[in-house]
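So the chains spell out like this:
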Amino acid sequence: MYKHILFATDLSDDTGYILEKVRVIRGFTGAKLSLIHVVEPLPGYSYAYLGIEDIEGQLIEEAKKMIAKLGEQLAVDNNNQWIEVGPTKSKILKTADEIQADLIVCGSHGRHGLSLLLGSTANAILHGAKCDVLTVRLPE
């Protein structure tokens, strides 16, 4: 069965819903668990007066605090928690490859069109992953 699960989270209010499913899967498999959150780079032109580095730095610091809290809830060591900056899909897939995850778990927010089945990020992960992907449909 699965040996290493990567829980890709957007750290939104829906994280708790997925967290319970991750906890159950981990319990069944006894797999190692890693966490990842990706901070998307901000476009500089719309934040010219605010200091783009300051805003991204604040987002990264807040994400570190939130993922550490999630790590405590799931008993995930700091060495298995990642905050990345860049395109979400590529950062998640790269990390999954590097840590040799055999399952990626993520949520799906899709509400219309093809996204009714999968959100755009979840869809991109599903089609780009070299391992299994579990997308958890979030409640509306």
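Look above for the structure.
Residues numbered from 1 in each chain as written. Predicted model: local features only at pLDDT ≥ 70, side-chain atom pairs only at ≥ 80, totals over all residues. Heavy atoms only, no water.

### Focus on the overall build of the protein
Here's step 1: When you go through the protein residue by residue, the secondary structure sums to four helices and five strands.
Here's step 2: Starting at the N terminus, the α and β elements of the protein follow one another as β-α-β-α-β-α-β-α-β.
Here's step 3: Every one of the 140 residues in the protein was classed for burial, and the buried ones make up 40%.
Here's step 4: Restricting the contact set of the protein to residue pairs at least 6 apart, pairs at least 24 apart contribute 76%.
Here's step 5: In the form shown here, the protein has an accessible surface area of approximately 8200 Å², with 53% of it arising from carbon and sulfur atoms. (Helix = DSSP H or I, 4+ residues; strand = E, 2+ residues; numbered from the N terminus. Buried < 20%, exposed > 50% of the residue type's maximum accessible area, 1.4 Å probe, protein only. Contact = heavy atoms within 4.5 Å. Areas by Shrake-Rupley, 256 points an atom, 1.4 Å probe, with all protein chains shown as cover.)

### Considerations on unusual backbone geometry
Here's step 1: Backbone geometry places Leu-11, a non-glycine residue, at a positive phi of 60°.
Here's step 2: Looking at where Leu-11 falls in the secondary structure, it is placed in the loop between strand 1 (4-8) and helix 1 (15-29).
Here's step 3: Assessed through its relative accessible area of 12%, Leu-11 is described here as buried.
Here's step 4: Phi angles above zero are rare outside glycine, and Ala-75 is one such case at about 55°.
Here's step 5: By the secondary structure assignment, Ala-75 is in the loop between helix 2 (52-74) and strand 3 (81-85).
Here's step 6: A relative accessible area of 61% places Ala-75 in the exposed class.

### Topic: the pairing of strand 1
Here's step 1: Strand 1 sits mainly inside the fold: five of its five residues count as buried.
Here's step 2: The alternating pattern of strand 1 places His-4, Leu-6 and Ala-8 on one face and Ile-5 and Phe-7 on the opposite face, and all of these are buried.
Here's step 3: Where strand 1 lies against strand 2 (residues 32-39), five bridges are found, and the strand directions are parallel. In the strand pairing of strand 2, His-4 is matched with Lys-32.
Here's step 4: On the question of chirality, the crossover connecting strand 1 to the parallel strand 2 by way of helix 1 is right-handed.
Here's step 5: Bridge count for strand 1 against strand 4 (residues 103-108) is three bridges, and the pairing is parallel. Following the sheet pairing, Leu-6 is matched in strand 4 by Ile-104. (Pairing = 2+ DSSP bridges. Right-handed = clockwise from strand over helix to strand, strands pointing away.)

### A closer look at the nonpolar core
Here's step 1: One finds Phe-7, Leu-33, Leu-35 and Leu-74 to be the most contacted residues of the largest nonpolar core, which totals 20 residues.
Here's step 2: Those elements giving two or more residues to this core turn out to be strand 1, helix 1, strand 2, helix 2 and strand 4.
Here's step 3: Of all hydrophobic cores here, the second largest spans 16 residues; its members include Ile-36, Leu-93, Ile-125 and Cys-131. (Core = buried A, V, L, I, M, F, W, Y, C linked by side-chain atoms within 4.5 Å.)

Geometric descriptors of this kind do not, in isolation, establish any biological role.
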